[in-house]
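# What the coordinates show
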Amino acid sequence: MSWHATLEGITKRLRSQQSAIIADQNSSNREKSLRRFTSKEVSALLGITESHLRNRVSSADAFPQGTLLGKSRYFTLEEINAARRWLHDNTGNQRYRPGKRDGEALCVVANTNFKGGVGKSTSTVHLAQYLALKGYRVLIVDLDAQASSTALFGIDPARHVGRDAAGHVLPAGTSIHGWISRATGDENAAATDAVRRTYWPNIDLVAASAILHSSEDMLKQRSMPSMHGPMAEVDWHHEVRAFLDHVGDAYDVAILDCRPDINMLSVNAFSAADGLIVPVLATNMDLQSMTEFMAFLAVTERRLLKLYGKDIWRGWTFLRVLVNRYVATSRPQTEVVDSMNLVLGPLMIRHPMVETSALGSAGNMKWTLYEYVPAKSEDRSYKRAVAAMDAVGSVIEAEILGFWGRRPQEGADAGYGVAAE
Ligand SMILES: Nc1ncnc2c1ncn2[C@@H]1O[C@H](COP(=O)(O)OP(=O)(O)O)[C@@H](O)[C@H]1O
Ligand SMILES: [Mg+2]
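First, a word on what this report is: a plain description of the structure on this page. (Residues numbered from 1 in each chain as written. Chains lettered and ligands numbered in written order. Predicted model: local features only at pLDDT ≥ 70, side-chain atom pairs only at ≥ 80, totals over all residues. Heavy atoms only, no water.)

### Some words on the overall build of the protein
Threshold: Strands are runs of DSSP state E lasting at least 2 residues, helices are runs of H or I lasting at least 4, and numbering of each runs from the N terminus. The size measure is the radius of gyration over C-alpha atoms, and the globule rule it meets is 2.2 Å times the number of residues to the 0.38 power. Burial classes follow relative accessibility: with a 1.4 Å probe on protein chains only, a residue under 20% of its type's maximum area counts as buried, one over 50% as exposed, and anything between as partly exposed. Contact definition: two residues touch when any of their heavy atoms are within 4.5 Å. Only the protein chains shown count as cover for residues, with accessible areas throughout obtained via the Shrake-Rupley method and a probe of 1.4 Å. Charged residues are defined narrowly, with Lys and Arg counted positive, Asp and Glu counted negative, and His plus the chain ends left uncounted. Where a charge lies is defined by one atom per residue type: Lys uses NZ, Arg uses CZ, Asp uses CG and Glu uses CD.
Of the regular secondary structure elements, the protein holds 16 helices and 10 strands. At 22 Å, the protein has a C-alpha radius of gyration in line with the 22 Å of a compact globule built from 421 residues. Looking at the protein as a whole, 51% of its 421 residues qualify as buried. Counted over contacts in the protein with a minimum sequence separation of 6, partners at least 24 positions apart contribute 75%. For the protein, the accessible surface area stands at approximately 20200 Å², while carbon and sulfur atoms represent 54% of it. Charge centroids of the protein, computed over 47 positive and 46 negative side chains, lie 5 Å from each other.

Okay, here's the thing in structure tokens:
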């Protein structure tokens, strides 16, 4: 008895089912695009009052005008970003110009845990969108062949990522595999082919697909010291970092969505990262697996330090544990979070991401909280989930500012967590 024919048949049917779902989501009447934002949201994002915003709209010709629908004015994210530029140019105030400044480096954040289903992809995309709304230029690098972040942007990994039979680049780009498999000297073309714009004006994506398994094989081969000189190990560790060094000027933050286990690409992510976020669920089983993960991170850091030395590898500036799918009324969960707070202290992000039906429910599977417009009946729980996500975003934003040597926002992580540190 062999299974491969049955499995291949099932794969084919599932692929076409998934393609149909994505095609439906992208069809002209349900096109995946970014919603407009209300004046209230825009003034909050810009950090000005609503009346200030109204005055700017009516008095400054060059200030983005938004679109009047009924009595309310709505703005696209392009317009919000243009408003920020206007405010910066006309007031000189640096707070309207977020992101890295001259001489500052791209901040690389890796979302990682060797457990699956904990929210690595969910937090990757939400963090990217939180930062994009704040005006940062973000690059997401999907390093997981499961391609969840990729799919969240309405891309069908099986049909849109990689190259076609004739070798032409498919619409969603070549993935990091395009970079890893480049010919020497082809850095510029390989980088350009790997990156694609998304319907978020300041989020670009390096998509993923099953092709990343080939990257794995390629890196494994290169990691065999017998096949190459003494630098071989450094080299295969360094591909993601080398890629980010190549494209990084155009971005403030890169977010790496990692695989749920340790492979060559995840080691690449660890060596490329300036900060780590470890999403976990508040269950005893996850607590145990997190323990092992922490032990593993310790070994990895030692190894990277030994390999590169402190001068080359600048190490992880921050490492934060993020509780996901938190239900405040669940006694077992609050107990697990209590023990995490106690043991992890300042490593814990004191704002969990909360369980919400706006994510994960079949119909909305491909919408994030920042894209989703809730029905009236869902409004309260939706708002709670967004507020929790915003709080998580602001903690990580403060870490990123810290990476650039700037003072993190006051009280950004006061938190509603349990134990005092
Ligand atoms: N806070 C949440 N509330 C509800 N569902 C969630 C939440 N976070 C994640 N999910 C769902 O859980 C599943 C796994 O999340 P995902 O981000 O893909 O995890 P990972 O990338 O770690 O494997 C997805 O279906 C996602 O929609
Ligand atoms: Mg994932």
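### Focus: the sheet that holds strand E5 (residues 138-142)
The test is simple: When DSSP finds two or more bridges between two strands, those strands count as paired. Whenever a helix is involved, its axis is fitted only over the stretch in contact; in every case the axis is a line through C-alpha atoms, and angles between N-to-C directions fall within 0 to 180 degrees.
Strand order in the open sheet formed by 7 strands is E6-E7-E5-E8-E4-E9-E10, and the pairing between neighbours is mixed. Edge positions in the sheet fall to strand E6 (196-197) and strand E10 (318-324), since each of these pairs with one other strand and no more. Contacting strand E4 (107-111), E5, strand E7 (203-206) and strand E8 (253-257), helix H12 (residues 239-247) crosses the sheet at an angle of about 155 degrees to E5. Seen against the sheet, helix H16 (residues 379-403) touches E4, E8, strand E9 (275-281) and E10 and runs at an angle of roughly 175 degrees to E10.

### Points about unusual backbone geometry
Residue Ala147 is not a glycine yet carries a positive backbone phi of 60 degrees. Following the sequence through the fold, Ala147 ends up in the loop between E5 and helix H6 (148-152).

### Concerning the nonpolar core
Using the following cut-off: As used in this record, nonpolar core signifies buried Ala, Val, Leu, Ile, Met, Phe, Trp, Tyr and Cys residues forming a set joined through side-chain atoms within 4.5 Å. Just so you know, the domain bounds were taken from an automatic or database domain assignment.
Ranked by internal contacts, the top residues of the largest apolar core, which has 60 residues, are Leu131, Trp200 and Ile400. For this core, the element with the most residues is H16, which contributes 10 residues. If you count residues domain by domain, this core takes at least three from each of domain 2 (37-96) and domain 3 (100-403). Excluding residues within four positions of it along the chain, Leu131 makes contact with Tyr136, Val138, Val253, Ile255, Glu397 and Ile400. Core analysis: the second largest hydrophobic core is formed by 56 residues, Ala145, Ala190, Cys258 and Met290 among them.

### Comments concerning the packing of aromatic side chains
To keep it simple, the criterion reads: Each Phe, Tyr or Trp ring, with Trp reduced to its six-membered ring, pairs with another whose centre is within 6.5 Å; inter-plane angles below 30 degrees give stacked pairs, above 60 give edge-to-face pairs, and intermediate values give tilted ones.
By the definition in use, this model includes 11 aromatic pairs. The interplanar angle of 85 degrees and the centroid separation of 5.4 Å between the aromatic rings of Trp313 and Trp316 together place this pair among those described as edge-to-face. Judged on exposure class, the residue Trp313 and its partner Trp316 are both buried. An aromatic cluster is defined as three or more aromatic residues linked by ring pairs; in this entry it consists of Phe114, Phe270, Phe293, Phe296, Trp313 and Trp316.

### What about the sheet that holds strand E3 (residues 72-75)?
The 3 strands are arranged E1-E3-E2 in an open sheet whose pairing can be described as antiparallel. In this open sheet, the two edge strands, each paired with only one partner strand, are strand E1 (37-38) and strand E2 (67-69). The pairing of E2 with E3 spans 3 bridges and is classified as antiparallel. Looking across to E3, one finds that Thr67 is bridged to Tyr74. Running over the sheet, helix H4 (residues 77-91) touches E1 and E3 and is turned about 85 degrees from E3.

### A few points about the side chain of Asp252
Worth spelling out the cut-off: Pairs of N or O atoms are called polar contacts if they sit within 3.5 Å, as long as, within protein, a hydrogen donor faces a hydrogen acceptor (for residues adjacent in sequence, only side-chain-to-side-chain pairs).
Within the secondary structure, Asp252 sits in the loop between H12 and E8. For Asp252, a relative accessible area of 1% puts it in the buried group. From its side chain, Asp252 meets the backbone nitrogen of Lys100 in a polar contact 3.0 Å long. Those residues within four positions of Asp252 in sequence are excluded, and the remaining contacts are Gly99, Lys100, Leu106, Cys107, Tyr136, Arg137 and Trp404.

### Looking at the site of ligand 1
Counted only if it meets this: In this text, near means that some heavy atom of the residue lies within 4 Å of the molecule or strand in question. Amino acid classes used here: Ala, Val, Leu, Ile, Met, Phe, Trp, Tyr, Cys and Pro are nonpolar; Asp, Glu, Lys and Arg are charged; the rest, including Gly, are polar.
Looking at ligand 1, there are 14 residues lining it, with Gly117, Lys120, Ser121, Thr122 and Val354 nearest. Val118 is positioned such that a nitrogen or oxygen atom in its backbone is 3.1 Å from an oxygen atom of ligand 1. Take Gly119: an N or O atom from its main chain is 2.9 Å from an oxygen atom of ligand 1. For ligand 1, the protein covers 82% of the area, taking 560 Å² as the surface of the free molecule. Ranked by residues supplied to the shell around ligand 1, first place goes to helix H5 (residues 120-133) with 3 residues. Residues that form the shell around ligand 1 fall into these classes: 3 nonpolar, 8 polar and 3 charged.

### Points about the side chain of His177
Looking at the element boundaries, His177 is found in helix H8 (residues 175-180). Among all residues touching His177, those that are not within four sequence positions of it are Ile211, Leu212, Ser214, Ser215 and Met218.

### Considerations on helix H13 (residues 264-272)
Most of H13 sits inside the fold, with 9 of its 9 residues counted as buried. Among all positions of H13, only Met264, Leu265, Ser266, Val267, Asn268, Ala269, Phe270, Ser271 and Ala272 are buried. The distance from a side-chain oxygen at the start of H13 to the backbone nitrogen of Leu265 is 3.1 Å, and the residue carrying that oxygen is Asn263.

### Here's the deal with the environment of Asp89
Here Asp89 is to be found in helix H4. Judged by relative accessible area, Asp89 falls into the exposed class, the value being 61%. Looking at Asp89, its side chain comes within polar contact range of the side chain of His88, at 3.4 Å.

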